[in-house]
Amino acid sequence: MRIEDYEPFVGRSTVEELRLLAEKLSGKVIQNINSTFTGGGVAEILGRMVPLLNQLGIDARWDAIKGGNEFFNVTKKFHNALHGRREEISDHDISIFMETSKKNLAEVSLYGDIIFVHDPQPIALIEKKGEADKKWIWRCHIDVSNPDPRVWEFLRRFIVAYDTAVFSAPSFAQELPISQVLISPSIDPISEKNMELSQETIEGVLRKYGLTSDKPMITQISRFDYLKDPVGVIEAFEMVRKSIDCQLVLAGGTATDDPESDKVLSLVRERAKKNPDIHVLLIPPSSDLEINALQRASTVIVQKSIKEGFGLTVSEALWKSKPVVATAVGGIPLQVKHKVTGLLSHGVEGTAYAIKQLLSNPDYARRLGENGREHVRQNFLITRHLKDYLLLFITLEHGEDVIYL
Ligand code: UDP
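Here is a short report on the structure shown in this document. None of the values given here were measured: they were computed from a predicted structure.

So, how was this worked out
- The residue numbers shown here count from 1 along each chain, following its written sequence.
- Local features are withheld for residues below a pLDDT of 70 in this predicted model, meaning they are given only at 70 or higher, and side-chain atom pairs are given and counted only at 80 or more; totals for whole chains, interfaces and linings count all residues.
- Heavy atoms from the whole structure form the basis of all side-chain values; hydrogens and water molecules are not counted.
- Secondary structure counts use DSSP, requiring at least four H or I residues in a row for a helix and at least two E residues in a row for a strand, with both numbered from the N terminus.
- Just to be clear, the radius of gyration here is over C-alpha atoms, and the globule rule we use is 2.2 Å times residues to the power 0.38.
- Relative accessible area decides the class of each residue, using a 1.4 Å probe on protein chains only: under 20% of the type maximum gives buried, over 50% gives exposed, and in between gives partly exposed.
- The contact definition used throughout considers only heavy atoms, calling two residues in contact when any of these lie within 4.5 Å.
- All accessible areas in this document rest on Shrake-Rupley with a 1.4 Å probe, and a residue is counted as covered only by the protein chains that are shown.
- In this tally, Lys and Arg are treated as positive and Asp and Glu as negative; His is ignored, and so are the chain termini.
- For the purpose of locating charges, the reference atoms are NZ of Lys, CZ of Arg, CG of Asp and CD of Glu.
- Whether two strands pair comes down to DSSP finding at least two bridges between them.
- To define axes, lines are fitted to C-alpha atoms, for helices over the stretch in contact only, and angles between the resulting N-to-C directions are given on a 0 to 180 degree scale.
- If even one non-hydrogen atom of a residue comes within 4 Å of a molecule or strand, that residue is called near it.
- Side-chain atoms alone can form a polar contact between residues adjacent in sequence; in general such a contact is a pair of N or O atoms within 3.5 Å, and within protein one must be able to donate a hydrogen while the other accepts it.
- Three classes are used, and their members are as follows: Ala, Val, Leu, Ile, Met, Phe, Trp, Tyr, Cys and Pro are nonpolar, Asp, Glu, Lys and Arg are charged, and the others, Gly among them, are polar.
- When the strands point away from the viewer, a crossover counts as right-handed if the path from the first strand over the helix to the second runs clockwise.
- The salt bridge definition used is simple: a Lys or Arg side-chain nitrogen within 4 Å of an Asp or Glu carboxyl oxygen.
- These descriptions rest on fixed angle ranges, namely under 35 degrees for roughly parallel, over 145 for roughly antiparallel, 65 to 115 for roughly perpendicular, and the rest for oblique.

**What to know about the overall build of the chain**
Right, so step 1: Looking only at helices and strands, one finds 15 helices and twelve strands in the chain.
Right, so step 2: Rg of the C-alpha trace for the chain: 21 Å, near the compact-globule value of 22 Å for 405 residues, within the 12% margin.
Right, so step 3: Looking at the chain as a whole, 55% of its 405 residues are labelled buried.
Right, so step 4: If you take every contact in the chain between residues at least 6 apart in sequence, the share linking residues at least 24 apart comes to 72%.
Right, so step 5: With the model as given, the accessible surface of the chain reaches about 17000 Å², and the carbon-plus-sulfur share is 50%.
Right, so step 6: Counting 49 positive and 55 negative side-chain charges, the chain places the averaged centre of each group 3 Å from the other.

Put into structure tokens, the structure is as follows:
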């Protein structure tokens, strides 16, 4: 990828501006740290963001902490609890978290001028702050609008030691004694996940997964996670299917830092097995082109999440001018403006009703999809995200000085 490849989407001046900002960071090392190189939105974004920063001449790198199953079981509980789900977190869980964090504190080399820590798994690395003059950012990708107070209090101890915290949506802002920045995630229009595809490629992927293009296809792309409510999608689909001949695709993979996904996948398979119109596809990591093709082949794209950090899949669908039905959680309402760039729905019946509305009004569906693409072009492409990050890095490095472009 080259930075100038984005000019057709966002114009030359936007790209020029990125170059000017990047110059102010020359010689600085930005070290990103998360907990997995594959699976989920964070890995998705870092996989694009880090090379693009490099393209702009910034030495950005990406490391992942290590942890065993026990550790990821605990951090998954944290994740669920931050999303507001009730979780029993024992003292033993906390000691597992602390032990693995201690190992990572000993093993992870902190070489960056800016240490950019993503989500709770590596959060305790902040205990090494103070060993050198580094700036520390905690980037929260989770919907923390209503977190379990115990888990939030536990993590807060670490968060307050960071120089700044970044959240994805205004409703996630917290009472914190450190500065907070709101930066929405983004998608990359020239990645394999989002680039234009030929009809031939799309049909090849459909054939591979035994799907037909002769009936409307309703799709949800998501990791198999309770919070994505795949069973709710099946229930909504079954209601739609009573009056409209269509097929459902639930496609997703598992993430190495999510121990629950196998259980959810078997539950979904069990629930779907009697209905030949429901296709549950387990997609291996790095299947970006296939996901792109499935999204492009879809008539309606659903994101029926119960909680959502941002919901990159929504922007991915809108960018492909697809009509979207999604729940109004997390960052989704930033992307889906009801009846303008898609439909927001509540519950199984509401979702079924919205899908039916779109399937029976193709002109309306097309209009929503077109508006959606323009909304993403203006707000959720990686160039906007890059600019926000560059400004944040510059502010951290240069204190409160005004930035002149
Ligand atoms: N994704 C993927 N393979 C899958 C499931 C999802 O590549 O099997 C991608 C999806 O296209 C999106 C990201 O992973 O880019 C998921 O991000 P999102 O914000 O929607 O949800 P998260 O998984 O972070 O909760």
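**Concerning the sheet that holds strand 8 (residues 247–252)**
Right, so step 1: Across the sheet, six strands lie side by side as 9-8-7-10-11-12; this open sheet has parallel pairing. Where the open sheet ends on each side, the last strands, each with one partner, are strand 9 (278–282) and strand 12 (343–345). Taken pair by pair, the neighbouring strands of this sheet meet at an average axis angle of 20°, ignoring direction.
Right, so step 2: Both strand 11 (residues 324–327) and strand 12 contribute to a ladder of three bridges, which runs parallel. If you follow Ala326 over to strand 12, its bridge partner there is Leu344.
Right, so step 3: Along the sheet, helix 13 (residues 347–360) contacts strand 7 (217–221), strand 10 (300–303), strand 11 and strand 12; its crossing angle with strand 12, the most-contacted strand, is approximately 155°.

**Some details on the site of the ligand**
Right, so step 1: By nearness alone, 15 residues border the ligand, and Gly41, Arg223, Lys228, Gly253 and Glu316 come closest of all.
Right, so step 2: Gly41 places a main-chain nitrogen or oxygen 2.7 Å from an oxygen atom of the ligand.
Right, so step 3: At 2.7 Å, a side-chain N or O of Arg223 approaches an oxygen atom of the ligand.
Right, so step 4: Protein contact buries 87% of the 540 Å² of open area that the ligand shows by itself.
Right, so step 5: Going through the elements one at a time, helix 3 (40–55) and helix 11 (312–319) are the ones with two or more residues in the shell around the ligand.
Right, so step 6: For the shell around the ligand, the class distribution of residues is two nonpolar, seven polar and six charged.

**Digging into the environment of Val181**
Right, so step 1: By the secondary structure assignment, Val181 is in strand 6 (residues 179–182).
Right, so step 2: For Val181, a relative accessible area of 23% gives the class partly exposed.
Right, so step 3: Sequence separation of Val181 and Val314 is 133 residues, and the distance between their C-alpha atoms is 22 Å.
Right, so step 4: Not counting the four nearest positions on each side in its chain, Val181 is found in contact with Thr164, Ala165, Val166, Phe167 and Leu392.

**Details of the environment of Phe78**
Right, so step 1: Here Phe78 is to be found in helix 4 (residues 69–82).
Right, so step 2: A relative accessible area of 1% means that Phe78 is categorised as buried.
Right, so step 3: The spatial distance from the C-alpha of Phe78 to the C-alpha of Leu25 is 34 Å, given a sequence separation of 53 residues.
Right, so step 4: Ignoring sequence-local partners within four residues, the contact set of Phe78 consists of Ile89, Ile94, Phe97, Val151, Phe154 and Leu155.

**Brief notes about the pairing of strand 1 (residues 29–34)**
Right, so step 1: Strand 1 sits mainly inside the fold: six of its six residues count as buried.
Right, so step 2: Across the two faces of strand 1 the burial is the same, with Val29, Gln31 and Ile33 and Ile30, Asn32 and Asn34 all buried.
Right, so step 3: Read as a crossover between parallel neighbours, the route from strand 1 over helix 3 to strand 2 (residues 59–64) is right-handed.
Right, so step 4: Here strand 1 pairs with strand 3 (residues 114–118) via four bridges, running parallel. Pairing of Ile33 across the sheet is with Val117, part of strand 3.

**Here's the deal with the pattern of salt bridges**
Right, so step 1: One pass over the structure, following the stated rule, counts 31 salt bridges.
Right, so step 2: With a shortest N-O distance of 2.7 Å, Asp277 and Arg241 are connected by a salt bridge. Remark: Arg241 occurs in helix 8 (residues 230–241) and Asp277 occurs in the loop between helix 9 (261–272) and strand 9; sequence separation between them is 36 residues.
Right, so step 3: Asp363 is the partner of Arg366 in a salt bridge, and the nearest nitrogen-oxygen pair spans 3.1 Å. One end of the pair is Arg366 and the other is Asp363, both in helix 14 (residues 362–379) and three residues apart, which spans about a single turn.
Right, so step 4: Classification of Asp363 by relative accessible area gives exposed; the value is 52%.
Right, so step 5: Within this structure, Lys76, Arg85, Glu87, Arg223, Asp225 and Glu260 form a network of salt bridges that share partners.

**Observations concerning unusual backbone geometry**
Right, so step 1: Its identity as a non-glycine residue notwithstanding, Ser321 has a phi of 60°, on the positive side.
Right, so step 2: With respect to the helices, strands and loops of the structure, Ser321 is situated in the loop between helix 11 and strand 11.
Right, so step 3: Even without being glycine, Lys339 reaches a positive phi, approximately 65°.
Right, so step 4: Assignment of secondary structure puts Lys339 in the loop between helix 12 (332–335) and strand 12.

**Considering the packing of helix 7 (residues 199–208) against helix 10 (residues 288–297)**
Right, so step 1: At a minimum axis separation of 9 Å, helix 7 and helix 10 run at an interaxial angle of 100°. Judged by the angle between their axes, helix 7 and helix 10 are roughly perpendicular. The segment helix 7 lies against helix 10, with Thr201, Ile202, Val205, Leu206 and Lys208 engaging Leu289, Glu290, Ala293, Leu294, Arg296 and Ala297.
Right, so step 2: For the contact of helix 7 with helix 10, the residue count by class is seven nonpolar, one polar and three charged.

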